[in-house]
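Here is what each chain is made of, one letter per residue.
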Amino acid sequence: MRTAGIKTLGQWAIGLWACGMLFVVAYLMVSHWVVLPHPASDDPAWSARLKRTRSNNSEQWTVFHFLYGNCPCSRRILCHIVNRFPVAGCREVIVFIGEDKEMTEAAVQRGFEVDYVTPEELKARYGVEAAPLLTVLDPAGNVGFTGGYTTHKQGPQIQDEKIIRALLDGMSVENLPLFGCAVSKELKSLVDPLGLKK
Amino acid sequence: MCCFKRTQVAGRSIGVKEVIKYLINYLVLPTVRSEFEESYLSRMNNIAAWFFAAHLPVFVLIAFMNGTGPVLACALTTATLLGPFLAILCLPSKRAISMVMGVTAMFMGGLLVHIGQGPIQIEMHFYFFVLLALLAVFANPMVIIAAAVTAALHHALLWLILPASVFNYDAPFWVVAVHAAFVVLESIAACFIARSFFDNVIGLETIVAQRTVEAQARSREMRRLLDVVQDGFFTIDQQGVISEERSSATDRLLGGLKPNWTLPEVLREHDPSAADWLELGLEDVFACILPLEVTLAQLPARVQIGTRTLSIGYCPVMNGTVVTELAVTIGDVTAEVDREWLEIENREMLAMIERIGNDRDGTIEFLREGDELIASLRDDSQSDLTVTKRFIHTLKGNCSMFGLQRVSQTCHEIEGCLSDSDESPRDLVWSKLFDGWSAARAMAQKLVKDDEVGIVLDDAEITSLLINVLKNESTANIATRLAGWRLEATSVRLDRIAEHAKRLAGRLGKGSIDIHIEHGGLRIEAKYWASFWSAIIHVVRNAIDHGIETVDERIAKGKSPNGALRIKTAIEAERFVVSIADDGRGIDWERVRLAAEQHGQSVETRQDLFNAIFKDGVTTAPLVTDTSGRGVGMSAIRQATQQLGGEISIHTRANQGSEFCFEFPLAAMAPETNSLFSRYGIKKAFGLAVSDLSVPPLEIGNGGNSPIATLAT
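Just so you know, these numbers come straight off a predicted model, no measurement behind them.

With that settled, consider the overall build of chain B. Scanning chain B from terminus to terminus reveals 29 helices and 14 strands. When each of the 713 residues of chain B is scored for burial, the buried share is 45%. A separation threshold of at least 6 residues defines the contact pool for chain B, and within that pool the share at least 24 residues apart is 65%. Surface summary for chain B: the accessible area is close to 35700 Å², and the carbon and sulfur share equals 60%.

And the structure:
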């Protein structure tokens, strides 16, 4: 009788397991594929906030790379960035959430500026809650581009350089969706309610 | 929609319901599960579980390399592994466990896509398609369906949670359709493979089992049919192995049969010689060298199992010209045999009654001599096989002459054993002989008493003697007449021999033979001549069996269709002569020579040839029959002749006949009476009686007047 009871329990457990796993796997997929929110390029308040963070040299375009150390997508972008030099005529700033001295030092050596921030600071100073986010300001401080680096999730073509050069050439660029990780606590609790991602 | 509701397939109208029913029957396996399927699925489920378990380190490594959290990958993979292992532990159905494996495969795919985040994320999707195909190894379409449904639910859930998640690049509907179509197509193909795998491999045992059940049902029907009949039916192969398919009567008749027992093995327990006979015979039958009718006829047709007599029939089962099996029928013919024996017993009884009526003294003498022979055969101290053979042969001849067929047959059987192996046959056969004789003796006892031997005289003889006395005949003459009463007329013996010869000729297909008796009115002292008369039967039997030709043969030779035999007792040249002459083919001396040489006899002179005829075991007969052919009888007559101080001569000519002459001193005819008379001064050789013989002489070719040889005594 006891064995039969355990088996019945096991059969129920299998049902629960199937439902649970279905949800978990679906959820994991969603967490990858969800297009994360970011401030709109035509948001004047956000433009103003960014203006305050850039240098006084108004002749230059300013490019912000918001990268999160705990986000695989961000690390992929960082690897890509440190393999090139900043685009001529641009000031490129890596706003790095977390710590990765080796990579950030490499970036500095290449001519990038690095600003280490905490998730809270990121939201407070930049108004950004998700990474990796590319934001390009023209010399006037207007947001020329804000969004992701690729056309789709984990897209092999990282388009930051192309976007920057296009903007420098005076062309308009359509914003790309932001795929990556939530950084702020609020956004994390929204897109990762199970706390599976760090 | 109407066109989908009912469509024409091969001239038959098929509705949607039927299609659905067919699909369900195709996808859902039959409920019957074979042991092989259970064993196979058990093995495959275990392999699958450990295959998924092996994902754990791989997924951790991938997560580590892609920075997607090895610890999380480890935890999630472990959670996914819970399903299959729980299923193995808790689910009673192996097929259900397989379905859990299908679901697990999709979960593992989902995990891989998650932890494999990177440029090759799309390649990680291949896992789904590969696993979907691999699931066909479970030989169960429902495993594929379970996996496909899991993938579909997964995508549906994704879509519910995040409508743009599945196709995050704004894919049009047709892309979605293509995406789904690949999964559906692969699922259909995998289902087809799985079902085919089941039908042709995994489920084959079930099909075979079903067919076996059907075959067994048919077999039971057949067996029921076979069981109705009282005969045993079965087949045997070349080794004699008895088929499992047989009628129940087989087991009843042959006793409890063990699996793979051979018929010779079964017979050996009851009748070893029949078993050997069968073993050798089977080799010949299956060798197919000799004609089948010949080899089959050589197999034992009757065996004795305990108290039962069984008849065995054989029918070849042919494959082309090759004998593959023998269909064997066994019947219990005990009652038939008993009836036959009873009939024989009745015949014997009638023959005995007739014999006693005709020749009472002869019958008593026969019984007494038979008793002596049986006593000698019972005597364990008598170990000379030659003597035993002679006794048996004599008993056989006597019994045959007196119509005791059963004892005669048993003697023949014993002779066969003695001749084949030169060893005394089994006690069982001896018992049969002794019991047979006892039965015959008891039967005879009812009809005649041994101590009833006396002299029967008719009135004429008494009157004649009385007149002689009244006429004051000499004492010598009266004594002679009185003594003559006590002697036995040779005519009695010759009549007996003639009667036996006629019966024998009829039995051997020699037609009706003409027998001429010349007794010469002689009388002799019976007790001295009993063994001689017994032995001379062998000469008569040889003459009928080998000397006289068949009717056809005689006609072909221009002879009279009926053979002729002359039996004679006479006084010739102061010698008492007994002769047996036939008008048959004569003795083939060349064959005698060959037969003698085969027995290591040196044959250089005519005397050697003559001696060879009387040598134990030497025979010119091509076949041994129950009448003659063993080379024992002539040896017996020689011994009997020698004991009476006689000589044997043979006159023979090819295709004209043979005559065996046995010559004795006159004194040998009645030695006791002669001795008595001589003590009283009467010089009279008894045996001679004056009688006019009117029997015409038989024309016997004798190669001239001189015998070919004479046996010196």
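Still more to cover.
Scanning chain A from N- to C-terminus turns up 7 helices and 7 strands. When the helices and strands of chain A are placed in sequence order, the string is α-α-β-α-β-α-β-α-β-β-β-α-β-α. Here chain A holds 198 residues, and the buried ones make up 49% of them. Long-range contacts, defined as pairs at least 24 residues apart, comprise 72% of the intrachain contacts of chain A with a sequence gap of at least 6.

Let us look at the interface of chain A and chain B. Each partner contributes residues to the interface: chain A has 28 residues there, and chain B has 38 residues. Regarding the contact of chain A and chain B, the summed buried area is about 2900 Å², with carbon and sulfur atoms giving 78% of it. Contact with chain B buries surface across chain A, with A:Trp17, A:Leu22 and A:Trp33 losing the most and accounting together for 25% of the total. Taken together, the links from chain A to chain B amount to 0 salt bridges. In this structure, the connection of chain A to chain B is made through 3 residue pairs in polar contact (both at pLDDT 80 or more). Broken down by element, the side of chain A that touches chain B gets its largest block of residues, 19 residues, from helix α1 (residues 2–33) of chain A. Along the lines of polarity and charge, the residues of the side of chain A that touches chain B split into 19 nonpolar, 5 polar and 4 charged.

Glancing now at the sheet that holds strand β3 (residues 232–236) of chain B. Residue and element names in this part refer to chain B. Sheet architecture is open: 4 strands sit in the order β3-β6-β5-β4, paired in antiparallel fashion. Across the chains shown, the open sheet's two edge strands, defined by having one partner strand only, are β3 and β4 (302–305). Here the average twist between neighbouring strands, direction ignored, is 30°. By the bridge criterion, 4 bridges tie β4 to strand β5 (residues 308–319) in an arrangement that is antiparallel. Its bridge partner lying in β5, Arg302 is registered against Ser311.

Right, let's talk about the packing of helix α24 (residues 526–547) of chain B against helix α28 (residues 633–643) of chain B for a bit. Residues and elements named next belong to chain B. At a minimum axis separation of 8 Å, α24 and α28 run at an interaxial angle of 145°. Considering how the two elements wind past one another, α24 and α28 form a crossing that is left-handed. The segment α24 lies against α28, with Ser531, Phe532, Ala535, Ile536, His538, Val539 and Asn542 engaging Gly633, Met634, Ala636, Ile637, Ala640, Thr641 and Gln643.

Residue and element names in this part refer to chain B. Its boundaries defined by the atoms lining it, the second largest pocket holds a volume of some 1400 Å³. Put simply, the parts of the chain that give the lining of the second largest pocket at least two residues each are α16 (334–358), α17 (360–378), α18 (385–401), α22 (475–486), β7 (488–489), α23 (490–507), α24 and α28. It is α17 that provides the largest number of residues to the lining of the second largest pocket, a total of 9 residues. By residue class, the composition of the lining of the second largest pocket is 18 nonpolar, 9 polar and 20 charged.

The next subject is α28(B). Residue and element names in this part refer to chain B. Of the residues making up α28, those classed as buried are Gly633, Met634, Ser635, Ala636, Ile637, Ala640 and Thr641. Residues of α28 that are buried in the fold lie against α18, α24, α27 (606–613), β12 (647–653) and β13 (657–665). Gly645 sits one or two residues past α28 and shows a positive phi near 70°.

This brings us to the environment of B:Leu404. Residues and elements named next belong to chain B. Inspection of the secondary structure assignment puts Leu404 in the loop between α18 and α19 (405–421). Assessed through its relative accessible area of 0%, Leu404 is described here as buried. Taking the C-alpha atoms as reference, Leu404 lies 8.2 Å from Ala351; in sequence the two are 53 residues apart. When near neighbours in sequence (up to four residues on either side) are disregarded, Leu404 contacts Glu348, Met352, Phe366, Cys399, Trp437, Ala440 and Met443.

Next up on the list: the nonpolar core. Residues and elements named next belong to chain B. Counting 76 residues, the largest nonpolar core has Leu395, Leu433, Phe532, Ile536 and Phe662 as its most contacted members. Looking at which element gives the most residues to this core, the answer is α24, with 10 residues. Met44, Phe52, Ala73 and Phe138 belong to the second-largest nonpolar core, a separate cluster that totals 58 residues.

Let's shift gears to the environment of B:Ile637. Residue and element names in this part refer to chain B. Counting through the fold element by element, Ile637 comes out in helix α28. Distance in space between the C-alpha atoms of Ile637 and Phe614 is 8.1 Å, their sequence separation being 23 residues. Setting aside its immediate chain neighbours within four residues, Ile637 contacts Phe532, Ala535, Ile536, Val539, Phe614, Ile648 and Phe662.

A separate point is the packing of helix α3 (residues 35–53) of chain B against helix α6 (residues 94–115) of chain B. All names here are of chain B. The interhelical angle for the contact between α3 and α6, taken along N-to-C directions, is 25°, at an axis separation of 9 Å. When the interaxial angle is binned, α3 and α6 end up roughly parallel. Here the hand of the crossing between α3 and α6 comes out left-handed. When α3 is examined against α6, the residues Glu37, Glu38, Leu41, Ser42, Asn45, Ala48, Ala49 and Phe52 are found in contact with a partner set consisting of Lys94, Arg95, Ile97, Ser98, Met101, Thr104, Ala105 and Met108. Partitioned by chemical class, the residues of the contact of α3 with α6 number 8 nonpolar, 4 polar and 4 charged.

Further remarks concern the confidence of the model for chain B. Residue and element names in this part refer to chain B. Residues at a pLDDT of 70 or more form 87% of chain B, whose mean pLDDT is 81. Per-element confidence in chain B is highest for strand β11 (residues 575–582), whose mean pLDDT is 93, and lowest for strand β14 (residues 709–711), whose mean pLDDT is 41. Interface confidence for the predicted complex, expressed as ipTM, amounts to 0.75; the pTM equals 0.46.

The next thing to look at is the sheet that holds strand β5 (residues 133–137) of chain A. Residues and elements named next belong to chain A. Read across the sheet, 5 strands follow the order β3-β2-β1-β5-β6 without closing on themselves; strand pairing throughout is mixed. Looking at which strands have only one partner, the edges of the open sheet turn out to be β3 (113–117) and β6 (143–147). Here the average twist between neighbouring strands, direction ignored, is 15°. In this sheet, strand β2 (residues 90–97) lies alongside strand β1 (residues 61–68) in parallel orientation, the contact comprising 8 bridges. Of the residues in β2, the one forming a bridge with Thr62 is Arg91. The sheet strands contacting helix α4 (residues 101–110) are β2 and β3, and the helix crosses β3 at an angle near 150°.

This brings us to the packing of aromatic side chains. Residues and elements named next belong to chain B. Counted by the stated rule, this structure contains 22 aromatic pairs over all chains. For the ring pair Trp529 and Phe576, a centre distance of 5.2 Å and an interplane angle of 90° mean the geometry is edge-to-face. Of this pair, Trp529 sits in helix α24 while Phe576 sits in strand β11, and the two are 47 residues apart along the sequence. Note on Trp529: relative accessible area 0%, which makes it buried. Given a relative accessible area of 0%, Phe576 falls into the buried group. When the centroid spacing of 5.1 Å and the interplanar angle of 85° are considered together, the rings of Phe532 and Phe664 count as edge-to-face.

Moving on, we come to the pairing of β5(A). All names here are of chain A. Of all 5 residues in β5, 5 are buried; the element is thus mostly enclosed. Residues of β5 alternate between two faces, with Leu133, Thr135 and Leu137 on one and Leu134 and Val136 on the opposite face, all of them buried. The sheet contact formed by β1 and β5 spans 5 bridges and is antiparallel. Bridge assignment links Thr62 to a residue of β5, and that residue is Leu137. Pairing between β5 and β6: 4 bridges, direction antiparallel. Opposite Thr135, over in β6, you have Thr146 as the bridge partner.

Before going further, it helps to spend a moment on the side chain of B:Arg95. All names here are of chain B. Checked against the element boundaries, Arg95 lands in helix α6. For Arg95, a relative accessible area of 7% corresponds to the buried category. A polar contact of 2.7 Å, which involves the side chain of Arg95, links it to the backbone oxygen of Pro30. Once residues lying within four places of it in the same chain are set aside, the contact partners of Arg95 are Leu29, Pro30, Thr31, Val32, Arg33, Glu37, Leu41, Asn140 and Phe198.

Quick notes on the rules
Residues numbered from 1 in each chain as written. Chains lettered and ligands numbered in written order. Predicted model: local features only at pLDDT ≥ 70, side-chain atom pairs only at ≥ 80, totals over all residues. Heavy atoms only, no water. Helix = DSSP H or I, 4+ residues; strand = E, 2+ residues; numbered from the N terminus. Buried < 20%, exposed > 50% of the residue type's maximum accessible area, 1.4 Å probe, protein only. Contact = heavy atoms within 4.5 Å. Areas by Shrake-Rupley, 256 points an atom, 1.4 Å probe, with all protein chains shown as cover. Buried area = accessible area lost by both parts, 1.4 Å probe. Salt bridge = Lys/Arg side-chain N within 4 Å of Asp/Glu carboxyl O. Polar contact = N/O pair within 3.5 Å; in protein donor to acceptor, adjacent residues only side chain to side chain. Nonpolar A, V, L, I, M, F, W, Y, C, P; charged D, E, K, R; others polar. Pairing = 2+ DSSP bridges. Axes fitted to C-alpha atoms, helices over the stretch in contact; angles between N-to-C directions. Left-handed = near helix turned anticlockwise from the far one by under 90°. 1 Å grid on protein atoms, 1.4 Å probe; cavity = no way out; pocket = protein on both sides within 12 Å on 5 of 7 lines; lining within 4 Å. Points joined across faces, edges and corners; volume = space filled by probe spheres on them. Core = buried A, V, L, I, M, F, W, Y, C linked by side-chain atoms within 4.5 Å. Parallel < 35°, antiparallel > 145°, perpendicular 65-115°, else oblique. pLDDT = per-residue confidence, 0-100. Phe/Tyr/Trp six-rings, centres within 6.5 Å; stacked < 30°, edge-to-face > 60°.

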